[in-house]
Amino acid sequence: MKVGVLAVQGAFAEMEAYWRAEGADVFEIRQLADLGRPVDLLALPGGESTVQGKLLKDLGLFDPIKKLIDGGLPVFATCAGLILLAEKIDDPGSRDGTRPEQWFGALPVAVRRNAYGRQLGSFTTRGDFDGKHDFPMTFIRAPAITDLLSPDIEVLSTFDGAPTAVRWRNITAFTWHPELNATA
Ligand code: GLN
């Protein structure tokens, strides 16, 4: 399987290591030419969603990647990657829920960024994930999914009753970091 990892900012090295360990043939997406390669799955890593979105626009990657996502290419997204995909932003202070124009808006969820506050900014917990029990889940300045905007979304994990990983059509997205605990 050929996995293209968005590598403009953030934790793309960890995402690459995860997919290599899964046996995938991994390449980085840094510029437009990289999108010419055959790809079976797009991986969107953690990092800083605002910066990633801006770089996607500046590098001319935003529209072609959006086309791939909307066209059904399988997507695996963690944390900032999930934020980039979200249809709606639910940050305190964002009154009308409008998402920044450099976010894809491809996944029908509302997200609140940095939802766990300062003290709980980063933590690991264990729980059920996609039929597996006692699965380690590491949250790093994680967003929360505050609303599911389609009845067809499958919830793969929860924390404190709120969804933390979801699957919808071609997209699997996590507020936590499966790539950091794959072997734990
Ligand atoms: N809080 C970051 C953001 O808003 C996401 C953090 C992460 O990807 N680990 O983009």
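Residues numbered from 1 in each chain as written. Predicted model: local features only at pLDDT ≥ 70, side-chain atom pairs only at ≥ 80, totals over all residues. Heavy atoms only, no water.

Caption draft 1: Inspection of the environment of A115 at higher detail. Tracing the backbone through its elements, the reader meets A115 in the loop between β6 (107-112) and β7 (122-129). It is 15 Å that separates the C-alpha atoms of A115 and T78, two residues lying 37 residues apart in sequence. Contact partners of A115, with chain neighbours within four places excluded, come to A142, P143 and A144. (Helix = DSSP H or I, 4+ residues; strand = E, 2+ residues; numbered from the N terminus. Contact = heavy atoms within 4.5 Å.)

Caption draft 2: Region of the structure containing the site of the ligand. In the vicinity of the ligand, the contacting residues are G46, G47, E48, S49, C79, A80, I83, R113, N114, I140, R141 and H177. Residue A80 places a main-chain N or O atom 3.1 Å away from an oxygen atom belonging to the ligand. The contact in question runs from a nitrogen atom of the ligand to an N or O atom on the side chain of N114, over 2.6 Å. Here the ligand has 300 Å² of accessible area as a free molecule, and 98% of this is covered by the chains. Grouping the constituent residues of the shell around the ligand by class yields 4 nonpolar, 5 polar and 3 charged. (Near = heavy atom within 4 Å. Polar contact = N/O pair within 3.5 Å; in protein donor to acceptor, adjacent residues only side chain to side chain. Areas by Shrake-Rupley, 256 points an atom, 1.4 Å probe, with all protein chains shown as cover. Nonpolar A, V, L, I, M, F, W, Y, C, P; charged D, E, K, R; others polar.)

Caption draft 3: Structural view of the pattern of salt bridges. Summed over the entire model, instances satisfying the criterion amount to 11 salt bridges. Salt-bridge contacts for K2 lead to D25; the nearest nitrogen and oxygen are separated by 3.6 Å. Note that K2 is positioned in strand β1 (residues 2-6) and D25 in strand β2 (residues 25-29), a separation of 23 residues in sequence. Owing to a relative accessible area of 34%, K2 belongs among the partly exposed residues under this scheme. (Salt bridge = Lys/Arg side-chain N within 4 Å of Asp/Glu carboxyl O. Buried < 20%, exposed > 50% of the residue type's maximum accessible area, 1.4 Å probe, protein only.)

Caption draft 4: Broad picture of the packing of aromatic side chains. This model, assessed by the stated rule, comprises 16 aromatic pairs. Arranged with centres 4.9 Å apart and planes meeting at 45°, the rings of F129 and F135 form a pair that is tilted. In this pair, the class of F129 matches that of F135, namely buried. Each member of the aromatic cluster is reached from another via a ring pair, and the members are Y18, W19, F76, F129, F135, F174 and W176. (Phe/Tyr/Trp six-rings, centres within 6.5 Å; stacked < 30°, edge-to-face > 60°.)

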